Amino acid sequence: IVTMAEAIAETASVYFDYNATTPVASEVISSCQDALTQAWGNPSSSYAAGRLAKKIVAEARLRIAAMLHTSANDIVFTSGGTEANNWIIKDVVQRWQRGHPDTTPHVITSNIEHDSVEHVLRALEVAGQVTVTRLAAQGNGAVSIQELETSLKSTTCLVTVMLANNETGVIQPIPELMAVVVNYEAKANVSIVKHTDAAQALGKVPVSVADLGVDALTVVGHKFYAPRIGALYVRGLGTEGGLLLDPLFQGGGQERGYRPGTENTPMIAGLGMGAQLVVDHLSTYQAHMLTMRELLETTLTETFGSDGVAFNGFDASSIRLPNTLNFSILVGELSGRELLSQTSGFAASVGSACHSHLGDHPSHILLACGVPESVARRAIRCSVGRETTADDIRAFVRALHATVTRQ
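We now turn to the structure provided with this report. What you are looking at is a predicted structure, and each value in this text was computed from that prediction instead of being measured.

Relative to the helices and strands, E83 is located in helix 4 (residues 81-99). Residues in contact with E83, not counting those within four places in the same chain, are T78, L248 and R259.

Moving on, we come to the pattern of salt bridges. Under the definition given, this model contains 16 salt bridges. For the salt bridge of D246 with R95, the shortest nitrogen-to-oxygen distance reads 3.1 Å. You can see D246 sitting in the loop between strand 8 (230-234) and helix 9 (265-304) and its partner R95 sitting in helix 4, a full 151 residues away along the chain. Residue R95 is classed as partly exposed on the basis of its relative accessible area of 25%. Two residues, R134 and E125, come together in a salt bridge whose shortest N-O distance is 2.9 Å. Residue classification places E125 among the partly exposed residues on the basis of a relative accessible area of 29%. Residues participating in the shared-partner salt-bridge network are D91, R95, R98 and D246.

So, about unusual backbone geometry. Positive phi is not limited to glycine here, since H69 has a value of about 60°. By secondary structure assignment, the location of H69 is in the loop between helix 3 (48-68) and strand 2 (75-78). Exposure remark for H69: the relative accessible area of 55% places this residue in the exposed category. Residue Y225 is not a glycine yet carries a positive backbone phi of 70°. Here Y225 is to be found in the loop between strand 7 (216-220) and strand 8. Classification of Y225 by relative accessible area gives buried; the value is 5%.

Attention now goes to the packing of aromatic side chains. In total, this model carries five aromatic pairs according to the counting rule given. Here the aromatic rings of F346 and F396 are separated by 5.3 Å at their centres, their planes lie at 45°, and the arrangement is tilted. With a gap of 50 residues between them, F346 in strand 11 (residues 346-347) and F396 in helix 13 (residues 390-405) connect regions that are remote in the sequence. Grouping residues by exposure puts F346 and F396 together as buried. A connected cluster of aromatic rings, assembled from ring pairs, spans Y15, Y18 and Y225. Above the ring of F314, the side-chain terminus of R320 is found at 3.7 Å from the ring centroid.

Of all five residues making up strand 3 (residues 106-110), five are buried, and the element is well covered by its neighbours. Covered by surrounding structure in strand 3 are H106, I108 and S110 together with V107 and T109, the residues of both alternating faces. In the sheet, strand 3 pairs with strand 4 (residues 131-135) via five bridges, with the strands oriented parallel. In the strand pairing of strand 4, H106 is matched with T131. Read as a crossover between parallel neighbours, the route from strand 3 over helix 5 (residues 115-126) to strand 4 is right-handed. Strand direction decides the pairing type here: strand 3 and strand 5 (residues 156-160), joined by three bridges, are parallel. Its bridge partner lying in strand 5, V107 is registered against L158.

Criteria and cut-off values
Residues numbered from 1 in each chain as written. Predicted model: local features only at pLDDT ≥ 70, side-chain atom pairs only at ≥ 80, totals over all residues. Heavy atoms only, no water. Helix = DSSP H or I, 4+ residues; strand = E, 2+ residues; numbered from the N terminus. Contact = heavy atoms within 4.5 Å. Salt bridge = Lys/Arg side-chain N within 4 Å of Asp/Glu carboxyl O. Buried < 20%, exposed > 50% of the residue type's maximum accessible area, 1.4 Å probe, protein only. Phe/Tyr/Trp six-rings, centres within 6.5 Å; stacked < 30°, edge-to-face > 60°. Lys NZ or Arg CZ within 6 Å of the ring centre and 35° of its normal. Pairing = 2+ DSSP bridges. Right-handed = clockwise from strand over helix to strand, strands pointing away.

Okay, here's the thing in structure tokens:
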């Protein structure tokens, strides 16, 4: 059990795990506090405190819509990304089953998805409710457009591929993938739902649902300095020609009946402010993170030599997030987990926080991208943020080098 003193000491470490979660921006904290103290009323109530809460929820929806370049009508608040991914996947599959009771629906995804997509599909697959094709990540960390073309069939009801991978930072070719789906829809006279989990991309690169060509998109607040709450974008929700969506569960009329339950106004306010910061400052955030990531790459190479460090899960053709670098120190015998545990003062990870319970096993994401097991076992995922400095980068690399040379 971690004591409060240990937690405070850990917080004082230099942080390099922004893909796991981000700190909450000061502006976001203020928005949450204002909602807690001033807009404490039920948003469904007609008196002043309720009207203010309703206004705050509406403003947050507008801000998230602006971040995605879409209509506020298309946004539904959720508890987070896991809920949003479960909701859209199960809804599409169940809708297909109702309309095609004698056939098994087919879903296409990738072999590098977050657990909140992969585990849902695996459970449905084991239950015999779906068949699943997993597009394989190539050496550049991206899935193959050609493999998607050959995988589509008349029973395909959903294509869900993440926008950016949380371990490698590689951005998937979503517009090109979804264009392939659209072409197939026209030729085969079928309708296929197109979804992407954008958790790792938001706040780091521009995200436009129209440019991506998706029908649904998952938003996760705690990846862009907002609270641990989320949203689901659904194209044309509730309008003629829009994507159909059944309520997540039954209850009151909140969120137009799609996601009943009294709205969590403070967290929604914070999510909206986090989105507004992205709208206002994304280019500055992006440029800074890219500078820090590139400095990390060059400093690692200068310190350990080109033969002493391997960069994992991407190549020169990859399009990448500006903040993410997965690397392995090839000097010495330490695994990535061992190296980090022996390098005090820095908070980084060896992969997804969701897999920390697996211990010293190499990342299945890196293995799927063709990284040798011996190299994957040494991997460290470093993800920089808005606050990362050049001094932080240099100190981290010096500390890693000192740990390696102590062996």
